[in-house]
Amino acid sequence: MEDCKLCMLVTFFLIITKMVATGKYIPTTLEGPFDPVTIRFDPSLRQGSDDIPMDDPRLKKNVTSMFPEQIALALSTPTSMWVSWVTGDAQIGSNVTALDPTSVASEVWYGKESGKYTNKKTGNATVYSQLYLFEGLLNYTSGIIHHVRIDGLEPGTKYYYKCGDSSLPAMSDEHVFETLLLPGPNSYPRRIALIGDLGLTSNSSTTIDHLTRNDPSLILMVGDLTYANQYLTTGGKGVPCFSCAFPDAPIRETYQPRWDGWGRFMKPLISRVPMMVIEGNHEIEPQVAGITFKSYLTRFAVPAEESGSNTNFYYSFDAGGVHVIMLGAYVDYNSTGAQYAWLKEDLHKVDRMVTPWLVAAMHPPWYNSYSSHYQEFECMRLEMEELLYQYGVDIIFSGHVHAYERMNRVYNYTLHACGPVYITVGDGGNIEKVDVDHADDPGKCPSEGHNIPEFGGVCHLNFSSGPAKGKFCWDRQPEWSAFRESSFGHGILEVLNSTYALWTWHRNQDIYKEESSGDQLYIVRQPELCSPSTSLKVIFHFNIRELLFNSLFYFSCGKRIEVSLKRDPMRLSKERKQKKVQRYLQNGRGFCHCSS
Ligand SMILES: [Fe+2]
């Protein structure tokens, strides 16, 4: 209890410090639900921009032969890290020959002092090809992609590393990263950055510059990474709309060298800050024999085995006291499928005393009031939302919609004090431009044929209650949408302790402003009210003459976990007791008080 008082004092101090430093009041979710706010796109800004060309110095290969390039980090376990890189030359042409991945070793040398590498680990190398069997389309085969898992790392410690093949010799320059703290209720990453739908335009470049200035210790990339599928296989210029520009293309083509350019562009950041990715629709990239997702699956190392998912399509990891679940929207998400079974098991294993914060991320949003992708992934929400809610997931991030939106706490389209906070950050700055229309704008409600997902079914629904009852679209910003703005940007999550986290959405146009934010609030957990693992003891008092018993209930955010009776002179069955009490409460009679 004393610890808890101390936590409250520290939190209060941090909030006051922030208020004094910024001179503004930052609201908390405890004050929600908030009245919906819309900020429309500023027409003085660019709604989109062209892709950065391949001959830009940031995208060009700047090493020779088998020297490593495109170096990237990803979290594995709390004491281990994935290091990935590429060697050799990718090829593009009518006939391509895959490189031999055994021709070069995969080594990482690392240690706690610059230039002193006390540890060495080896790993695996692979290649992939993107092949098209259509006349005139070019094929691609990648450089050699290396993945090495380094372990035995100490928490909160700087490590210096080189990667490559020492026998050639072809080792990289020295790079450095800092490990996160071990999972625990008092240890959190300094800043977790959220980016979605980044692409590789000049807007993307501003996003990454801005994010780098915000000094993250971990990056969550919620899908749609390179937009290599906005190109023909012959390269040329990328387009905002592939089917509009190339209506006769025999397949959704890609220009795979964009992936290599993106890897080089991102390397200065992600060779020192781990980046966790999840697939978006732009990663599907169909090719010969119905093969999909080849680039995404081959280029990135993720803690798939470590989290028991054994697939890069969905996985989980701990970042200090935050358990993060990356969900796959373009792979079976039905309640009868493998992902759902894994998710259930993963959620069951989470110990909220060790990782109090539970965060999920996926590419498409379930809650979205923009016209773009409106209700597109209703089928996935219907399959999975209840499970995430039952386990008290705190925040759910997504992208896909190229704008920003933060929801009020919501569950099943109903405002709910214990529902997750949903946040859409698909505003990274890709070539497809920012989304500006809302489904509630006059004439902007999508029709039946719109917003068909690339994977899964269509479950468009009319609302069954509330102000939009019987309708597909609202006639104003929905009550579950707290704040939406059409602008490019990224987010930063700063977890302060086991109950408070500061969420800040940064707009690209504010990059050079001090202490500016497009949206900011404290997300506050209420484990005593909402978390199943620390369910509150709720004692209901009834008119004993009316019901002839007192009941002791264990409630978790309105969801009954267990019922037991203190006195039961009527000897009713358990079901009848439950029904009787439910009816009593529904009629607005009786009251409860809470004791911890
Ligand atoms: Fe997308």
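The model shown is predicted, which means the values in this text are computed figures rather than measured ones.

### Some details on the overall build of the protein chain
Summing up its helical and strand segments, the protein chain has 10 helices and 32 strands in all. Looking at the protein chain residue by residue over its 596 residues, the buried ones come to 46%. For the protein chain, contacts bridging at least 24 residues in sequence account for 72% of all contacts bridging at least 6.

### A word on the nonpolar core
Considering soluble globular proteins, one finds that nonpolar side chains tend to be buried as a cluster. Counting residues in each nonpolar core, the largest one holds 123 residues, and the members touching the most others are Leu-73, Ala-74, Ile-219, Met-221, Met-275, Met-276 and Ala-361. Among all residues touching Ile-219, those that are not within four sequence positions of it are Ala-193, Ile-195, Ile-270, Val-273, Met-275 and Met-276.

### Some thoughts on the sheet that holds strand β19 (residues 357-361)
Strand order in this open sheet of 8 strands is β1-β25-β21-β24-β20-β19-β18-β17, and the pairing throughout is mixed. At either margin of the open sheet sits one strand with a lone partner, and together these are β1 (37-39) and β17 (315-319). Strand-to-strand twist in this sheet, taken as the mean axis angle between neighbours without regard to direction, amounts to 15°. In this structure, β19 lies alongside strand β20 (residues 395-398), joined through 3 bridges in parallel fashion. Pairing of Val-359 across the sheet is with Ile-395, part of β20.

### Here's the deal with the pairing of strand β18 (residues 322-326)
Counting buried positions along β18 gives 5 out of 5 residues, so the element sits mostly inside the fold. Of the two faces of β18, the one holding Val-322, Val-324 and Met-326 and the one holding His-323 and Ile-325 are both buried throughout. Pairing analysis gives 5 bridges linking β17 to β18, with the strands arranged antiparallel. Its bridge partner lying in β18, Phe-317 is registered against Val-324. Between the antiparallel neighbours β17 and β18 lie 2 residues, among them Gly-320 with a positive phi of about 60°. Handedness of the crossover is the feature at issue here: the chain leaves β18, passes through helix α6 (residues 338-349), returns alongside β19, and the resulting connection is right-handed.

### Some thoughts on unusual backbone geometry
With omega at 0°, the peptide bond leading from Gly-32 into Pro-33 counts as cis. Its location among the elements puts Pro-33 in the loop between α1 (2-22) and β1. Non-glycine residue Phe-293 carries a positive phi angle of around 60°. Looking at the element boundaries, Phe-293 is found in the loop between β16 (275-277) and α5 (294-299). Taking the C-beta count within 10 Å as the criterion, Phe-293 has 18 such neighbours and is therefore assigned partly exposed.

### As for the packing of α6 against helix α7 (residues 378-390)
Contact geometry of α6 with α7 gives a least axis separation of 11 Å together with a crossing angle of 10°. It follows that α6 is roughly parallel to α7 by the angle criterion. Residues Tyr-340, Leu-343, Lys-344 and Leu-347 of α6 touch α7, and the partners they reach there are Glu-383, Met-384 and Leu-387.

### Focus on the UniProt feature "domain: Purple acid phosphatase C-terminal" (unreviewed entry) in the protein chain
Cross-referencing UniProt, the feature "domain: Purple acid phosphatase C-terminal" (unreviewed entry) maps to residues 472-510 in the present numbering. Here residues 472-510 runs as 0% helix and 51% strand, with 36 Å between its end C-alpha atoms.

### Topic: the sheet that holds strand β15 (residues 218-221)
One open sheet holds the 6 strands; their spatial order is β16-β15-β14-β26-β27-β28, and the pairing between them is mixed. The open sheet is flanked by β16 and β28 (519-524), the only strands paired with a single partner. The mean inter-strand angle of the sheet, taken between neighbouring strand axes irrespective of direction, is 20°. On top of the sheet, helix α2 (residues 202-213) reaches β14 (192-195), β26 (489-495) and β27 (500-507); it is set at about 20° to β26, its chief contact.

### Some points on α6
The end-to-end C-alpha separation of α6 is 17 Å, in line with the 16 Å expected for 12 residues at 1.5 Å each. For α6, the full list of buried residues reads Gln-339, Leu-343 and Leu-347. The arc that holds the buried residues of α6, viewed along the axis, is 65°, so those residues lie on one side. α6 presents Ala-341, Glu-345, His-348 and Lys-349 as exposed residues on the side facing more than 90 degrees away from its buried surface.

### Notes on the confidence of the model for the protein chain
With 85% of its residues at a pLDDT of 70 or more, the protein chain shows a mean pLDDT of 89. Predicted confidence for residues 587-596 stays below pLDDT 50, and this span has 17 contacts to residues more than four positions away or in other chains.

So, how was this worked out
- Residues numbered from 1 in each chain as written.
- Predicted model: local features only at pLDDT ≥ 70, side-chain atom pairs only at ≥ 80, totals over all residues.
- Helix = DSSP H or I, 4+ residues; strand = E, 2+ residues; numbered from the N terminus.
- Buried ≥ 20, exposed ≤ 12 C-beta atoms within 10 Å, placed from the backbone.
- Contact = placed C-beta atoms within 7 Å.
- Core = buried A, V, L, I, M, F, W, Y, C linked by C-beta atoms within 7 Å.
- Pairing = 2+ DSSP bridges.
- Axes fitted to C-alpha atoms, helices over the stretch in contact; angles between N-to-C directions.
- Right-handed = clockwise from strand over helix to strand, strands pointing away.
- Parallel < 35°, antiparallel > 145°, perpendicular 65-115°, else oblique.
- UniProt positions renumbered as here; feature names shortened; annotations may be inferred.
- Expected span 1.5 Å × (residues − 1).
- Arc of directions from axis to C-beta.
- pLDDT = per-residue confidence, 0-100.

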